[in-house]
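Summary of the model geometry
Chain residues, written in single-letter form:
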Amino acid sequence: MSQWTHVNGIIRIDAIRMLRPKKPNIGIPSFWQDEHQAKDIPCGSEGSLNAELWTNPSESALSAYTVSIFGDLRDYDDAEAIVSYLNQITDGCMVRSGICEIDVEYKFIYLYHYINDIWTEISRTEK
């Protein structure tokens, strides 16, 4: 039986793009057919998490970016590494809002919220 971890998160990032702010670092995902394995994004035996960066087409809007993080990691149960990845994304950014659910099968469902510049565990439900 495989160990799976399911992740679902969204982060909204503000930026004044005229000042050329740092873009969120979402890394480069890998998939089961790839020869390389992701080094900067959590990765199970069949590939990494996925992350998409949406850029607001209105360059004058303060709400500049939205990052969605999602995926299913096989043979993986390291929720702390996923939180480290969330920190990688938000490091140096002006975060408006962030929330992420990490479902580690047979163990816990964690819910993290970005509060006061840190990812804070707001609930842990035993399965």
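This text goes with the structure placed above it.
Here we summarise the structure given alongside this text. (Residues numbered from 1 in each chain as written. Predicted model: local features only at pLDDT ≥ 70, side-chain atom pairs only at ≥ 80, totals over all residues. Heavy atoms only, no water.)

1. Quick word on the overall build of the protein chain
Filter applied, for reference: Numbering of helices and strands runs from the N terminus; a helix is a DSSP stretch of H or I covering at least four residues, while a strand is a stretch of E covering at least two. When we talk radius of gyration, it's over C-alpha atoms, and the globule rule is simply 2.2 Å times the number of residues to the 0.38. Classification of residues uses two cut-offs on accessible area relative to the type maximum, computed with a 1.4 Å probe and protein chains only: under 20% is buried, over 50% is exposed, and between them is partly exposed. Between two residues, a contact is recorded if the distance between any of their heavy atoms is within 4.5 Å. Note that accessible areas follow from Shrake-Rupley with a 1.4 Å probe, and for residues the cover is restricted to the protein chains shown. Lys and Arg are tallied as positive, Asp and Glu as negative. Neither His nor the chain termini are counted. Charge coordinates come from a single atom per side chain, which is NZ of Lys, CZ of Arg, CG of Asp or CD of Glu.
The secondary structure content of the protein chain amounts to one helix and eight strands. In terms of C-alpha radius of gyration, the protein chain reaches 15 Å, essentially the compact-globule figure of 14 Å for 127 residues. Overall, the protein chain is about 50 × 35 × 20 Å in size when its C-alpha atoms are taken along their principal axes. Put simply, the protein chain has 127 residues, and 42% of those count as buried. Nonlocal contacts in the protein chain, meaning residues at least 24 apart in sequence, comprise 58% of its contacts between residues at least 6 apart. For the protein chain, the exposed surface amounts to about 7,500 Å²; the carbon and sulfur share of it is 50%. The centroid of the 11 positive side-chain charges in the protein chain is displaced by 8 Å from the centroid of its 19 negative side-chain charges.

2. Overview of the sheet that holds strand β6 (residues 94–104)
The strands that make up a sheet are held in pairs by hydrogen bonds between backbone atoms, and each pair lies either parallel or antiparallel. Selection criterion: Paired strands, as defined in this entry, are two strands with at least two bridges between them according to DSSP. Only the stretch in contact is used when fitting a helix axis, every axis being a line fitted to C-alpha atoms; angles between N-to-C directions are given from 0 to 180 degrees.
The strand order across the open sheet built from six strands is β4-β5-β1-β6-β7-β8, with neighbouring strands paired in antiparallel fashion. Each edge of the open sheet is held by one strand with a lone partner, namely β4 (50–55) and β8 (118–126). Averaged over all pairs of adjacent strands, the angle between strand axes in this sheet comes to 10 degrees, irrespective of strand direction. Packed on one face of the sheet, helix α1 (residues 79–90) meets β1 (4–14), β4, β5 (63–74), β6, β7 (108–115) and β8 and runs near 160 degrees to β6.

3. Some remarks on a nonpolar patch on the surface
The condition is simple: Any residue with relative accessible area above 30% and no salt bridge may belong to a patch, with like charges joined within 9 Å and the nonpolar Val, Leu, Ile, Met, Phe, Trp and Tyr side chains within 5 Å. Criterion for a salt bridge: a side-chain nitrogen of Lys or Arg within 4 Å of a carboxyl oxygen of Asp or Glu.
A cluster of nonpolar side chains, Ile-16, Met-18, Leu-19, Leu-62 and Met-94, forms an exposed patch at the surface whose accessible area comes to about 550 Å². Inspection of the secondary structure puts Ile-16 in the loop between β1 and β2 (43–44).

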